[in-house]
Amino acid sequence: MKVLVVVDMQNDFIDGALGTEEAKQIVGSVKRKVERSISEGSLVIYTRDTHYEDYLDTQEGKNLPVIHCVKGTSGWEISKCVFLEGSPVIDKPSFGSLELADYISNVEGLEEIELIGLCTDICVISNAMILKAKFPEKTIAVDASCCAGVTPKSHENALDAMEMCQIKIRNRE
């Protein structure tokens, strides 16, 4: 079984509090990738960055004082353009998710895990590294054409770092 992990394709990261033009530009590619993965019989799992009203008092909030992805707000929601109703969603309080790795541990016949989404240089790389550590003999891949970083340079740096850690980078321009 192949697993596609759609990382944090939330409104606040696309066109909200922390949105970027690069994030907006990948929405169509992400949508097509999700549709293709479903048609091929892959399991699609979404992650959702999840914060609360006390965000600015957290370690992350002190280092990134931009309120975003507060549970229950429209910015916290996964974009309707890419979300497939009924798919599993893992809420995560930080960049990477041990809960995601645990969830995938229960997938029978796991062959490969591919990640797409936002942001390449923060949450995509964090989850890819956790998954590589949890599943060292499985293919862990990232589709660069369906990811965007905080900046184009940090996106490229993250792809380089993942490639050095034997994470397969696909569709890199």
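This structure is a prediction, so every number in the text was calculated from the model and none was measured.

**Q** Describe the packing of helix H4 (residues 98-105) against helix H5 (residues 120-134), with residues and values.
**A** Between H4 and H5, the shortest axis-to-axis distance is 9 Å and the interhelical angle comes to 45 degrees. In terms of orientation, H4 lies oblique with respect to H5. As for how H4 packs across H5, the hand of that crossing is right-handed. Across the interface between the two elements, Leu 98, Leu 100, Ala 101, Asp 102, Ile 104 and Ser 105 of H4 pack against Asn 127, Ile 130, Leu 131 and Lys 134 of H5. Taken together, the residues of the contact of H4 with H5 sort by class into six nonpolar, two polar and two charged.

**Q** Residue-level account of H4, with values.
**A** Looking at H4, one finds that the buried residues are Leu 100, Ala 101 and Ile 104. Projection of H4 onto a plane perpendicular to its axis shows the buried side chains occupying an angular sector of 100 degrees, all on one side. In this structure, the buried side of H4 is in contact with strand E1 (2-7), strand E2 (43-49), strand E3 (89-92), strand E4 (112-118) and H5.

**Q** How would you summarise the pairing of E2 if you had to cite specific residues and measurements?
**A** For E2, the buried fraction is high: six of the seven residues fall into the buried class. Note: E1 against E2, five bridges, orientation parallel. In the sheet register, Val 7 faces E2, and the bridge partner there is Thr 47. As judged from the four bridges shared by E2 and E3, these two strands associate in the parallel manner. For Thr 47, the partnering residue across the bridge sits in E3 and is Ile 90.

**Q** Give a detailed account of the side chain of Ser 37, specifying residues and quantitative values.
**A** Relative to the elements of secondary structure, Ser 37 occurs in helix H2 (residues 21-39). Given a relative accessible area of 7%, Ser 37 falls into the buried group.

**Q** Hey, could you go over the environment of Glu 111 for me, with residue numbers and the actual values?
**A** Secondary-structure assignment places Glu 111 in the loop between H4 and E4. Once you skip the residues sitting within four places of it in the chain, Glu 111 turns out to touch Met 1, Lys 2, Lys 138 and Thr 139.

**Q** Hey, could you go over the pattern of salt bridges for me, with residue numbers and the actual values?
**A** Per the counting criterion, the structure on display carries 14 salt bridges. The partner of Glu 77 in a salt bridge is Lys 80, and the shortest N-O contact between them spans 3.7 Å. Relative accessible area serves as the criterion here: at 32%, Glu 77 is assigned to the partly exposed category. Taken together, the shared-partner salt bridges in this structure form one network comprising Lys 33, Glu 112, Glu 114, Asp 143 and Arg 170.

**Q** Before we move on, could you go through the sheet that holds E1 and cite the residues and values that matter?
**A** An order of E3-E2-E1-E4-E5-E6 is seen for the six strands of this open sheet, with the pairing classed as parallel. Of all strands in the sheet, those bounded by a partner on one side alone are E3 and strand E6 (168-170). For this sheet the average axis-to-axis angle between neighbouring strands, irrespective of direction, equals 25 degrees. The strands touched by H2 within the sheet are E1, E2, E4 and strand E5 (139-148), with E5 carrying the most contacts at an inclination of about 135 degrees. Strands E1, E2, E3 and E4 of the sheet are contacted by H4, whose axis makes an angle of about 165 degrees with E2.

**Q** I'd like a rundown of H2, residues and numbers included.
**A** An α-helix turns once every 3.6 residues. As a result, residues three or four positions apart point the same way. A rise of 1.5 Å per residue sets the reference length of H2, with its 19 residues, at 27 Å; its end C-alpha atoms lie 29 Å apart and thus fit the reference within 8%. Approximately 35 degrees is the largest bend angle found in H2, and it occurs at Val 27. Buried within H2 we find Ala 23, Ile 26, Val 27, Ser 29, Val 30, Lys 33, Val 34 and Ser 37. Looking at the buried side of H2, the elements it contacts are E1, helix H1 (11-14), E2, E4 and E5. Positive backbone phi, approximately 85 degrees, marks Gly 41, located one or two places after H2.

Thresholds, definitions, all that
- Residues numbered from 1 in each chain as written.
- Predicted model: local features only at pLDDT ≥ 70, side-chain atom pairs only at ≥ 80, totals over all residues.
- Heavy atoms only, no water.
- Axes fitted to C-alpha atoms, helices over the stretch in contact; angles between N-to-C directions.
- Helix = DSSP H or I, 4+ residues; strand = E, 2+ residues; numbered from the N terminus.
- Parallel < 35°, antiparallel > 145°, perpendicular 65-115°, else oblique.
- Left-handed = near helix turned anticlockwise from the far one by under 90°.
- Contact = heavy atoms within 4.5 Å.
- Nonpolar A, V, L, I, M, F, W, Y, C, P; charged D, E, K, R; others polar.
- Buried < 20%, exposed > 50% of the residue type's maximum accessible area, 1.4 Å probe, protein only.
- Arc of directions from axis to C-beta.
- Pairing = 2+ DSSP bridges.
- Salt bridge = Lys/Arg side-chain N within 4 Å of Asp/Glu carboxyl O.
- Expected span 1.5 Å × (residues − 1).
- Bend = angle between axes of the 7 residues up to and from the residue.

Geometric descriptors of this kind do not, in isolation, establish any biological role.
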